[in-house]
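Given next are the chains, with one letter for each unit.
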Amino acid sequence: MSGSNVGAVTTWSEFADAAPAIATIFTRRHVAAGNLCMLGTIRADGSPRISPIEPRIFEGELWIVGMPNTQKYRDLARDPRFCLHTATVDTMVTEGDAKLWGTVHDVQDRALHEGFAVALYEESGFDLRGEKFEPFYAADITSASAVEVKDDHMDVTIWKPGQKERVVRKH
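About the criteria used
Residues numbered from 1 in each chain as written. Predicted model: local features only at pLDDT ≥ 70, side-chain atom pairs only at ≥ 80, totals over all residues. Heavy atoms only, no water. Helix = DSSP H or I, 4+ residues; strand = E, 2+ residues; numbered from the N terminus. Rg over C-alpha atoms; globule rule 2.2 N^0.38 Å. Buried < 20%, exposed > 50% of the residue type's maximum accessible area, 1.4 Å probe, protein only. Contact = heavy atoms within 4.5 Å. 1 Å grid on protein atoms, 1.4 Å probe; cavity = no way out; pocket = protein on both sides within 12 Å on 5 of 7 lines; lining within 4 Å. Points joined across faces, edges and corners; volume = space filled by probe spheres on them. Disulfide = S-S within 2.5 Å.

### Regarding the overall build of the protein
Counting secondary structure elements, the protein contains four helices and nine strands. In sequence order, the protein lays out its α and β elements as α-α-β-β-β-β-α-β-β-α-β-β-β. At 16 Å, the protein has a C-alpha radius of gyration in line with the 16 Å of a compact globule built from 171 residues. Overall size of the protein, expressed as C-alpha extent along the three principal axes, is 50 × 35 × 30 Å. Buried residues in the protein amount to 43% of all 171 residues. When contacts within the protein are restricted to residue pairs at least 6 apart in sequence, long-range pairs at least 24 apart make up 58% of them.

What follows is the structure in structure tokens.
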């Protein structure tokens, strides 16, 4: 796990099974925003960086992939920790909102890359077939939370590996 001491990690499939409420909100917001999320990384000087990204779920994993040679990928190469936030445009958060925390690791598997590129093309028409992906980051999820506003309260659902989701209600 890239030398990081962040505790237990989990794949997207494991996360979705263990934290279905948060996974549902994340997926709903991810799709509604055209796959757009905001990625938090750590700059070389230790300050935070926020970057737009279109992560994809493919073969049971959450992939943090995009244009190579960008600062966000340099950040992740140096420090694999991230926060991924669903793009929120509604200040009332009527459709919910979710955040995932974790680390990434680079997966260099040509057959996987080819399958990903084909699936991306079939889904979006964006053609990266035949391209080499460096890096190709899989996300290991170390915790997550989601917010939903209901009636007169807000529910904050929190999850960590090995635990059940728990809800904190705020009035």
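### Comments concerning empty space enclosed by the protein
Applying the stated criterion to the full structure yields one cavity of 30 Å³ or more. There is about 30 Å³ of room inside the largest cavity. For the largest cavity, the full set of lining residues is Arg29, Thr88, Val89, Asp90, Val93, Glu95 and Gly96.

### Here we look at the environment of Ala23
Secondary-structure assignment places Ala23 in helix α2 (residues 20-32). Judged by relative accessible area, which is 6%, Ala23 ranks as buried. For Ala23, the residues in contact, after removing those within four places along its chain, are Trp12, Phe15 and Ala16.

### Concerning the state of the cysteines
Overall, the coordinates contain zero disulfides when judged by the stated rule. The thiol sulfur of Cys37 is not disulfide-bonded, and the nearest other cysteine sulfur, from Cys83, lies at 10 Å. We classify Cys37 as buried; its relative accessible area is 0%.

### Description of unusual backbone geometry
Following Glu134, the chain continues into Pro135 via a peptide bond in cis, with omega recorded as 0°. Here the phi dihedral of Asn35 falls at roughly 75°; this positive angle occurs in a residue that is not glycine. A positive phi angle is found at Asn69, which is not glycine, with a value near 60°. In this fold, Asn69 is placed in the loop between β4 (61-64) and α3 (71-78).

Keep in mind that these numbers describe shape and distance, not what the molecule does.
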